[in-house]
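Close look at the chain arrangement
Letter by letter, the chains look like this.
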Amino acid sequence: MAAVQYAAFAVLNFLLNTLGARQLCHGLWNNMPNVVAYKCEILGLAPCLARSVFYYYAADRLQFEFEDAASGQPLMRGNVRMLARQPMGAAMVLIKSFGFVKAMRAAAIKTVQTYATNPIGAVLPHNASA
């Protein structure tokens, strides 16, 4: 399969519109020990335990922080403005990237479902969809 070319929404376009597309996780964290165990023991992934904090500090602002539970090292932190709907400019870029029909189909999806592929290892000696 050819490499995904850099463009706005390119990865999302690939995952939604390419039959058999999968993600190979490089660095995977979850904040629930039972989910980390499931992803490791059943799915053959290599997750780490994280701590996370989310809080609203204004009516339309969400702040978040993720850190590795074992080392305390920060993984990601930031704050985002919570919008009731996407700006029109983002919709136009999506249409340009996907094409009109695929963009309308993608915009209608409430929850994006994609699959991860495990690295080959002791739990699963072959790639499988997780």
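Rules and cut-offs
- Residue numbers here run from 1 along each chain, matching the order of that chain's written sequence.
- Totals for whole chains, interfaces and linings use all residues, but because this is a predicted model, local features are given only for residues with pLDDT of at least 70 and pairs of side-chain atoms are given and counted only at 80 or more.
- The basis for every side-chain value is the complete set of heavy atoms in the structure, and neither hydrogens nor water enter the calculation.
- Basic side-chain nitrogens of Lys or Arg form a salt bridge, by our definition, when they fall within 4 Å of a carboxyl oxygen of Asp or Glu.
- What counts as a helix is a DSSP run of H or I of at least four residues, what counts as a strand is a run of E of at least two, and both are numbered from the N terminus.
- Think of it in three bands: with a 1.4 Å probe and only protein chains considered, a residue is buried below 20% of the maximum accessible area for its type, exposed above 50%, and partly exposed in between.
- Positive charges come from Lys and Arg alone, negative charges from Asp and Glu alone, with His and the N- and C-terminal ends not counted.
- Polar contact is the term for a pair of N or O atoms within 3.5 Å; when the atoms are in protein, one must be able to donate a hydrogen and the other to accept it, and sequence-neighboring residues count only if both atoms are side-chain atoms.
- Whether two strands pair depends on DSSP finding at least two bridges between them.
- Put simply, a patch holds well-exposed residues, over 30% relative accessible area, that have no salt bridge, with like charges counted together within 9 Å and Val, Leu, Ile, Met, Phe, Trp or Tyr side chains within 5 Å.
- Calculation of accessible area relied on Shrake-Rupley with a 1.4 Å probe; when residues are assessed, cover is drawn exclusively from the protein chains displayed.

**What to know about the pattern of salt bridges**
- Under the defined criterion, the tally for this structure stands at two salt bridges.
- Arg 51 is the partner of Glu 67 in a salt bridge, and the nearest nitrogen-oxygen pair spans 2.7 Å. Taken together, the residues Glu 67 in strand β4 (residues 61–68) and Arg 51 in strand β3 (residues 47–58) connect sequence positions 16 residues apart.
- On the basis of relative accessibility, which here comes to 43%, the residue Arg 51 falls in the partly exposed class.
- Two residues, Arg 81 and Asp 60, come together in a salt bridge whose shortest N-O distance is 3.5 Å.

**Topic: the side chain of Asp 68**
- Among the secondary structure elements, Asp 68 is positioned in strand β4.
- Of the side chains with opposite charge, Arg 51 lies nearest to the buried Asp 68, which makes no salt bridge, at 7.4 Å.
- Within the structure, Asp 68 has its side chain in polar contact with the backbone nitrogen of Ala 70 (distance 3.0 Å).

**Focus: the pairing of strand β5 (residues 74–81)**
- By the bridge criterion, seven bridges tie β4 to β5 in an arrangement that is antiparallel. Counterpart to Leu 62 in the pairing with β5 is Val 80.
- The turn linking β4 back onto β5 is made up of five residues, and Gly 72 within it adopts a positive phi angle of 80°.

**Regarding a nonpolar patch on the surface**
- A cluster of nonpolar side chains, contributed by Phe 9, Leu 12, Val 93, Ile 109 and Val 112, occupies part of the molecular surface with about 340 Å² of accessible area.
- Looking at the element boundaries, Leu 12 is found in helix α1 (residues 10–17).
- Residue classification places Leu 12 among the partly exposed positions, given a relative accessible area of 30%.

**What to know about unusual backbone geometry**
- Phi at Phe 9 takes a positive value of approximately 65°, unusual for a residue other than glycine.
- Mapped onto the secondary structure, Phe 9 falls in the segment before α1.

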